[in-house]
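Now for the letters of each chain:
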Amino acid sequence: MKSTLTAIALALTALTAAAQGFPSKNVTIVVPTAAGGGNDLMARTIAQKLGGLLGQSVIVENKAGANGAIASEFVARAAPDGHTLMLGYIATHAMNPALQKLRYDPVTDFEPVAMVGYSGTLMVANAAVGVKDVRDLVAQLKAKPERYVYATAGNGTAPHFAGELFKLNAGVEMIGVPYKGSSPAINDTLGGQTQFMFPSLFSALPHVKGGKLKALAIAGPKRSPLLPDVPTMKEAGVDGVEVQQWYAIFAPAKTPKDVIAKLNKSINEVLADKEVIKRMEDHGADVETSTPEQLGSLVKTEIAKWKNVVVKAKITAD
């Protein structure tokens, strides 16, 4: 009994020491999408403030590809010391794992650290496309199936799921083209190589405000106060297309609990900063904080939810 208590005491001392010595070098936040997209901007917004709180530089590193799997595998196999983190989101930690077998497990390979926020999904069109609204698009696609092409941030991402749900519930066909993240997908939609996309409001809002993308509908339960004249997909005539995107920070599994607690406290402090809140809100994201335990529960709930959607909507990775 005495030896067991001694072992527990030593373990607790080691955990405390790990947190007190953390961070001992630069901290890296790995982003699973290309530079310039909404995820990238979100990570850099956090990194700017987080470094000052931790007393070390916080670097953002983009590892796009394989629909977020490259970044996820990299972080899952990194040293579990808190110096390598990931800005995970609905695609990497719920949708893609619900869609296909991956070489990482979103639950067992990661320690949840902190929620960052939510952003609605927006259906947008290239500004030059001759489509008035969602009803007009549906009519055109029914008259000429596969007339238009829509871009996704990769198979298993929110734009992919939203596009497939739109096709299913509208009873139309539209060709989907996967990209390595939202930034290149939006760029091609801006350029006219693809005509439609379902990006996060966070990614699309600057282009909508600039008049380069036309907002057709919100794929969510309510309108956005940032785009009050844009109807929900249900209001536009297509029910059943609701994709609320979320973002969060994760660490490799077995990262010491005290380190996780220190990171959670610091990130929540960053997200309480009025400047950070305004920057996020100006781009269409709502800041949301959490405990590590609350984030862990969210991930499990979301995986189960999207597995059910995959089956019902017959969504495939191809």
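**Digging into the overall build of the chain**
Secondary structure summary: the chain contains 11 helices and 11 strands in total. The C-alpha radius of gyration of the chain comes to 21 Å, within 12% of the 20 Å expected for a compact globule of 318 residues. Taking the principal axes of its C-alpha atoms as reference, the chain extends roughly 80 × 40 × 30 Å. Taking all 318 residues of the chain together, 55% fall into the buried category. Within the chain, contacts between residues separated by at least 24 positions form 78% of all contacts whose residues are at least 6 apart in sequence. Counting only carbon and sulfur atoms, one obtains 53% of the accessible surface of the chain, whose full area is about 13,800 Å². Side-chain charges of the chain comprise 33 positive and 28 negative groups, with the mean position of each set lying 1 Å from the other.

**Digging into the sheet that holds strand β7 (residues 175–178)**
Reading across from one edge, β7-β6-β8-β5-β9 is the order of the five strands in this open sheet, with mixed pairing throughout. Only two strands of the sheet have a single neighbouring strand rather than two, namely β7 and β9 (213–218). Judged from the two bridges that link them, strand β5 (residues 122–126) and strand β8 (residues 196–197) form a sheet pairing that is antiparallel. Counterpart to V124 in the pairing with β8 is M197. With respect to the sheet, helix α8 (residues 201–209) is in contact with β5 and β9, its orientation differing from that of β5 by roughly 40 degrees.

**Re the pairing of strand β6 (residues 149–152)**
Across the two faces of β6 the burial is the same, with V149 and A151 and Y150 and T152 all buried. Direction of pairing for β6 relative to β7: parallel, over a ladder of four bridges. Looking at β7, one finds that T152 is bridged to P178. Handedness of the crossover joining β6 and β7 through helix α6 (residues 158–170): right-handed. Looking at chain direction, β6 and β8 are connected through two bridges and run parallel. Bridge pairing in β8 links Y150 to F196.

**Here's the deal with the packing of aromatic side chains**
Given two aromatic rings, their pairing is described by the distance between the two centres and the angle made by the two planes. In this structure the tally under the stated criterion is seven aromatic pairs. The interplanar angle of 90 degrees and the centroid separation of 6.1 Å between the aromatic rings of Y104 and F110 together place this pair among those described as edge-to-face. Of the two residues, Y104 and F110, neither departs from the other in class, the shared state being buried. Here the aromatic rings of F161 and W306 are separated by 5.4 Å at their centres, their planes lie at 80 degrees, and the arrangement is edge-to-face. Here the residue F161 occupies a position in helix α6, and W306 occupies one in helix α11 (residues 292–313), the gap between them amounting to 145 residues. Residue class for W306 comes out buried when judged on its relative accessible area of 1%.

Conventions used here
Numbering of residues starts from 1 in each chain and follows the order in which that chain's sequence is written. Residue-level local features of this predicted model are given only where pLDDT is at least 70; pairs of side-chain atoms are given and counted only at 80 or more, and the full residue set underlies all totals for whole chains, interfaces and linings. To obtain the side-chain values, all non-hydrogen atoms of the structure were used and water was disregarded. Runs of E in the DSSP output that reach at least two residues are strands. Runs of H or I that reach at least four are helices, and both are numbered from the N terminus. Only the C-alpha atoms count toward the radius of gyration. The rule for a globule is 2.2 Å times the residue count to the power 0.38. Each residue's exposure class comes from its accessible area (1.4 Å probe, protein chains only) as a fraction of the maximum for that residue type: buried when under 20%, exposed when over 50%, partly exposed otherwise. Contact between two residues is taken to exist if any of their heavy atoms lie within 4.5 Å; hydrogens are not considered. The Shrake-Rupley method, run with a 1.4 Å probe, gives the accessible areas here. Residue values count only the displayed protein chains as cover. None of His or the chain ends enter the tally, which takes Lys and Arg as positive and Asp and Glu as negative. Every charge is mapped onto a representative atom, which is NZ of Lys, CZ of Arg, CG of Asp or CD of Glu. Should DSSP find at least two bridges between two strands, the strands are taken to pair. Axis definition: a line fitted to C-alpha atoms, limited for helices to the stretch in contact. Angles are taken between N-to-C directions and run from 0 to 180 degrees. Crossovers are described as right-handed under a simple rule: with the strands pointing away from the observer, the path leading from the first strand over the helix to the second runs clockwise. Each Phe, Tyr or Trp ring (for Trp, its six-membered ring) is paired with any other whose centre lies within 6.5 Å, and the angle between the two planes then decides the class: stacked below 30 degrees, edge-to-face above 60, tilted in between.

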